[in-house]
Amino acid sequence: MLSFNVQAEVICYPPITQDELIGLMINTKIRYFPELDKEIVSVTNFKSKDSFLQAQPVIKSLLKRKEKRSYTVQVNPKLLACPPSMEGLEAILVHELEHIVDYTKWSSARIVKHGAKYLLSRKFQIKYERETDRKVLQKSLHEGLAQFREWIYPWLNPKQLKKKRQTYLTPEEIRNSL
Ligand SMILES: [Zn+2]
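Since the structure is predicted, the reported quantities are computational estimates derived from the model, not experimental observations.

Colleague: What am I meant to see in the environment of Pro 158 here?
Modeller: Within the secondary structure, Pro 158 sits in helix H7 (residues 158-167). Of the residues examined, Pro 158 has 8 C-beta atoms within 10 Å and is grouped as exposed.

Take a look at the structure:
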């Protein structure tokens, strides 16, 4: 019996620098998030096998007043070396910035509580990430978000892929919601 390798290959767009990603993040923030006008959002790095971007408050700044807090979008250098389409990148940056909008509305205690719950409960994680994806779709970024998910899937082993498809909207779910 023949067996097929159905695992697709990762499609890489030309590499981008961290500075280019910062520029894209700032433009995305200005375009879609006037409410984040006064918030400081930096870009830093993190390493992971199955995760490429994440948004966090700067931990030290949680001790400060809300107005003095700052945030960071963390990027896996693997994404810079082999990025998704610009449309995909923009949609996933919107997803990350939606998290930051949430953080700006919460007290530091609530952020810490949220972080703990997120780590401990798969059910909570799924609910929160899918809600965040729906906010991206409210900005009509269906195609970009679907493209980002299509880009990420070939990086993953079957177990990671299953988890990713549970946690976030899949390309099929995204396109069917149009
Ligand atoms: Zn997220």
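There's more to say after this.
Colleague: I would appreciate a short explanation of the packing of helix H3 (residues 86-105) against helix H6 (residues 142-152) in the present structure.
Modeller: Two quantities define a packed helix pair, namely the angle between the axes and the distance from one axis to the other. At a closest axis distance of 7 Å, the pairing of H3 and H6 adopts a crossing angle of 100°. Regarding the angle of H3 to H6, the classification is roughly perpendicular. For the pair formed by H3 and H6, the contact residues are Glu 87, Gly 88, Glu 90, Ala 91 and Ile 92 on the first element and Glu 143, Gly 144, Leu 145, Gln 147, Phe 148 and Trp 151 on the second. For the contact of H3 with H6, a count of residues per class yields 5 nonpolar, 3 polar and 3 charged.

Colleague: I tried to follow the packing of helix H1 (residues 18-32) against H3 on my own but got confused; where do I start?
Modeller: Relative orientation of the contacting elements H1 and H3 amounts to 65°, with a least axis distance of 10 Å. What the angle tells us is that H1 and H3 run roughly perpendicular. Remark: the crossing between H1 and H3 carries right-handed chirality. Along its contact with H1, which presents Leu 24, Met 25, Thr 28, Lys 29 and Tyr 32, the element H3 presents Leu 89, Glu 90, Leu 93, Val 94 and Leu 97.

Colleague: How should I be thinking about the pairing of strand E3 (residues 70-75) in this particular structure?
Modeller: Regular strands show a simple pattern: their side chains alternate between the two faces of the sheet. Note that strand E1 (residues 40-45) and E3 share 6 bridges and pair parallel. Within the sheet, the bridge partner assigned to Ile 40 lies in E3 and is Ser 70. As defined by bridge partners, strand E2 (residues 53-57) adjoins E3 across 5 bridges and the pair is classed as antiparallel. For Gln 56, the partnering residue across the bridge sits in E3 and is Thr 72.

What counts as what
- Residues numbered from 1 in each chain as written.
- Predicted model: local features only at pLDDT ≥ 70, side-chain atom pairs only at ≥ 80, totals over all residues.
- Helix = DSSP H or I, 4+ residues; strand = E, 2+ residues; numbered from the N terminus.
- Buried ≥ 20, exposed ≤ 12 C-beta atoms within 10 Å, placed from the backbone.
- Axes fitted to C-alpha atoms, helices over the stretch in contact; angles between N-to-C directions.
- Parallel < 35°, antiparallel > 145°, perpendicular 65-115°, else oblique.
- Contact = placed C-beta atoms within 7 Å.
- Nonpolar A, V, L, I, M, F, W, Y, C, P; charged D, E, K, R; others polar.
- Left-handed = near helix turned anticlockwise from the far one by under 90°.
- Pairing = 2+ DSSP bridges.

Nothing here speaks to function; it is geometry throughout.
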